[in-house]
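# Inside the fold
As a plain string of letters, each chain reads:
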Amino acid sequence: MRRLRFYLRKCRLLAVFLALWLAVLAGAVQQDKSAHPAEITLAAPRDLAPGEKDPYYISSIGMVWEPLVGVDADGHLRGVLAASWQANEDATVWRFKLRRGISFQDGEPFDADAVVANFRRWENMGYRLSSFYGFLLARVYPGYAGIEKIADDEVELRFSEPQPMLVYRMINFSSPMFSPKCFDIESGDFTGYAVGTGPFAIVDRKPGQYVVLKRFDGYHGTPAKSEYIRLVSMPNAATRFSALRAGEVEGVLDLGSLTPSLTLALLRDPRFAVSSNRNTINQYVTVNQSRFPFSDVRMMRAISLLIDREAIVRYYFNGQSEPTMNLLNRCNPFYKEIPLVHDEAEAVRLADEVMGGETYRATFLIPQYGLSRYSYKEVVEYLQAALRKLHVEARILILDSATHSKYMSAGNYDFSIGTHGLANYAPETLMESYMATWGSNNKLYHVGYENPAADAVFKELPEVIDMDRRRAYYDELQDMAVEAPPLIPFGSDNNVVVYNAAELTGYNATTYGITLDQVERR
């Protein structure tokens, strides 16, 4: 009875806390709306405008800045601020023609001088961490040797080694353009709000809470439909769900904006609708292969064969992912279709060879952020049960993001579940980082992956200019990653966004974000 009373008191306290939190949240959402009564409020799982120290200040989802090279709503490569490009014979010199007649939101012209200033900023600022994609000039532009203004609408990039994949590397977060007046060229920090050439400008921001966007009437393309849009940070999925249902926000956006179960629950209400598109995120299980038994490639192959990817996606992702065995995301233009293979008998046979009747006790990490976006606990519990068939007993640890990163970087784990996105469309950006002996993520996360055949390909790739030959190498690497997995991919996500269709129109998912410029009230 005492335990019951304690439990009831605890539940009441939690209810009071939740009510207070929702009240605070409602205040943040409603603040200043009297000044913009038609303002549209949307929610994201993270702060979409981290601010001055972030290399981009705000996610591309906010449509404040635009890149030189980007992708369309379906993920196809296109020039954005760059009108065209051409390389010399060995791809060490690239010339970019710039679109004319474009201005930044502060009235400064977008021209060759502005592009050069942005590259100078990257030269000086070094590596910058971001909750989107970290930026380091030498990593995004390998062999970068300098930039030169050729004409007001033309720049030349020079490299110390061939760069046949340059434009594939430059998409989106790899070539963002900002007004030179909004950043310190020496430190790389923004000196105020980020100023770009996009259809929206930042007019208000409270760190960790919200950013308010206003339509930029001087935009060079089709103007945005709505004058004001507020993007609110709501880290908790249940809070986003409640805010949507209560009408405090009118839609959610960003990757993993609602868990699959909450999405289905919300769609029972006729006010709400869903839009879906492919996206650049894959779901993976990372395995510490520096430890036995996972240092034996047969065990990695066994884990991959054991996993029923179709069942995971069907029961735990409810249409928000597609099953995959490919390390490379399907949005990548060099993606190869690889048939799914689920062979429990072969998996058990391989594991028996490795384990010799012994049982290994493992640790399986779940990052806290994943619980508010995906059904990670249920997926890992399924994997925990399945791994017993391979003589692996796994205990589950749920860790906050900082602690999870410490465990991973210290190699203090056996399994971890998580996502990895495409920073750009050059396949080696992701594949080399995990598959090469010297790969950055291979070393950082103690993956311990060793594959001499893969190392040989990565050493030869920099000199391969012929695109057909490069594609053959990319196909070979994708096949290698199935036979000897550096990671265990199981899903290629869909970008699923829910919105109040009774209130809004033009709300369509893209491969990263939504058609924010087309969203408007009915």
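Residues numbered from 1 in each chain as written. Predicted model: local features only at pLDDT ≥ 70, side-chain atom pairs only at ≥ 80, totals over all residues. Heavy atoms only, no water.

## Overview of the domain arrangement of the chain
Applied cut-off: By convention here, the domain bounds are inherited from an automatic or database domain assignment. Contact between two residues is taken to exist if any of their heavy atoms lie within 4.5 Å; hydrogens are not considered. Accessible area that two parts lose when put together, evaluated with a 1.4 Å probe and summed over both, is termed the buried area.
When cut into domains, the chain gives domain 1 (45-177), domain 2 (202-277 + 495-521) and domain 3 (278-494). One C-alpha centre belongs to domain 2, the other to domain 3; they are set 31 Å apart. Domain 2 puts 18 residues into the contact, and the matching count from domain 3 is 17 residues. Summed over both partners, the interface of domain 2 with domain 3 comes to about 1,300 Å²; 52% of that surface belongs to carbon and sulfur atoms. Ranking the residues of domain 2 by area buried against domain 3 places Leu255, Pro260 and Thr511 at the top, with a combined share of 40%.

## Some remarks on the sheet that holds strand E5 (residues 82-87)
This is how the line gets drawn: When DSSP locates at least two bridges between a pair of strands, those strands are taken to pair. Secondary structure elements are taken from DSSP: a helix is a run of H or I of four residues or more, a strand is a run of E of two residues or more, and numbering for both begins at the N terminus. The angle between two axes is taken between their N-to-C directions and runs from 0 to 180 degrees, where each axis is a line fitted to C-alpha atoms and a helix contributes only its stretch in contact.
The antiparallel open sheet is built from 4 strands, whose spatial order is E5-E6-E8-E7. Of all strands in the sheet, those bounded by a partner on one side alone are E5 and strand E7 (144-151). Adjacent strand axes in the sheet meet at a mean angle of 20 degrees when their direction is disregarded. Bridging between E7 and strand E8 (residues 154-159) involves 6 bridges; their strand directions are antiparallel. Bridge pairing in E8 links isoleucine 147 to leucine 157.

## Comments concerning the nonpolar core
Buried together is how nonpolar side chains tend to be arranged in soluble globular proteins. This is how it is decided: Here, nonpolar core refers to any group of buried Ala, Val, Leu, Ile, Met, Phe, Trp, Tyr and Cys residues whose side-chain atoms link them within 4.5 Å. A 1.4 Å probe rolled over the protein chains alone gives each residue an accessible area, and that area as a share of the maximum for its type sets the label: buried under 20%, exposed over 50%, partly exposed in between.
With 146 residues, the main nonpolar core has Leu42, Leu68, Phe96, Phe119, Tyr141, Phe415 and Met435 as its most contacted residues. With 8 residues, helix H2 (residues 112-125) is the largest single contributor of residues to this core. Setting aside anything within four residues of it in sequence, one finds phenylalanine 119 in contact with Leu68, Leu137, Tyr141, Tyr144, Ile147 and Leu157.

## Digging into the pattern of salt bridges
Side chains carrying opposite charge are able to pair once their charged atoms draw close together. To be explicit about the condition: Every case where a carboxyl oxygen of Asp or Glu lies within 4 Å of a side-chain nitrogen of Lys or Arg is listed as a salt bridge.
Under the defined criterion, the tally for this structure stands at 32 salt bridges. For aspartate 189, the salt bridge is made with arginine 128, and the minimal N-O distance between the two is 2.7 Å. Of the two residues, aspartate 189 sits in the loop between strand E9 (176-177) and strand E10 (200-206) while arginine 128 sits in the loop between H2 and helix H3 (137-140), which places them 61 residues apart along the sequence. Accessibility assignment for this pair places aspartate 189 and arginine 128 in one class, buried. Each of the salt bridges in this network shares a partner with another, and the network as a whole consists of Arg95, Lys97, Arg100, Glu148, Asp153, Glu154, Glu156 and Arg158.

## Observations regarding the UniProt feature "domain: Solute-binding protein family" (unreviewed entry) in the chain
What counts is decided by this rule: UniProt positions are given in the numbering used here, feature names are shortened, and annotations may be inferred rather than shown by experiment.
Per the UniProt record, "domain: Solute-binding protein family" (unreviewed entry) is annotated on residues 78-441. With 29% helix and 26% strand, residues 78-441 has its two end C-alpha atoms placed 29 Å apart.

## Digging into the confidence of the model for the chain
As a reminder of what qualifies: pLDDT is a residue-level measure of predictor confidence that goes from 0 to 100.
For the chain, mean pLDDT is 92; residues scoring 70 or higher make up 93% of the total. Counted against residues more than four places away or in other chains, residues 1-26, with its pLDDT under 50, gives 9 contacts.

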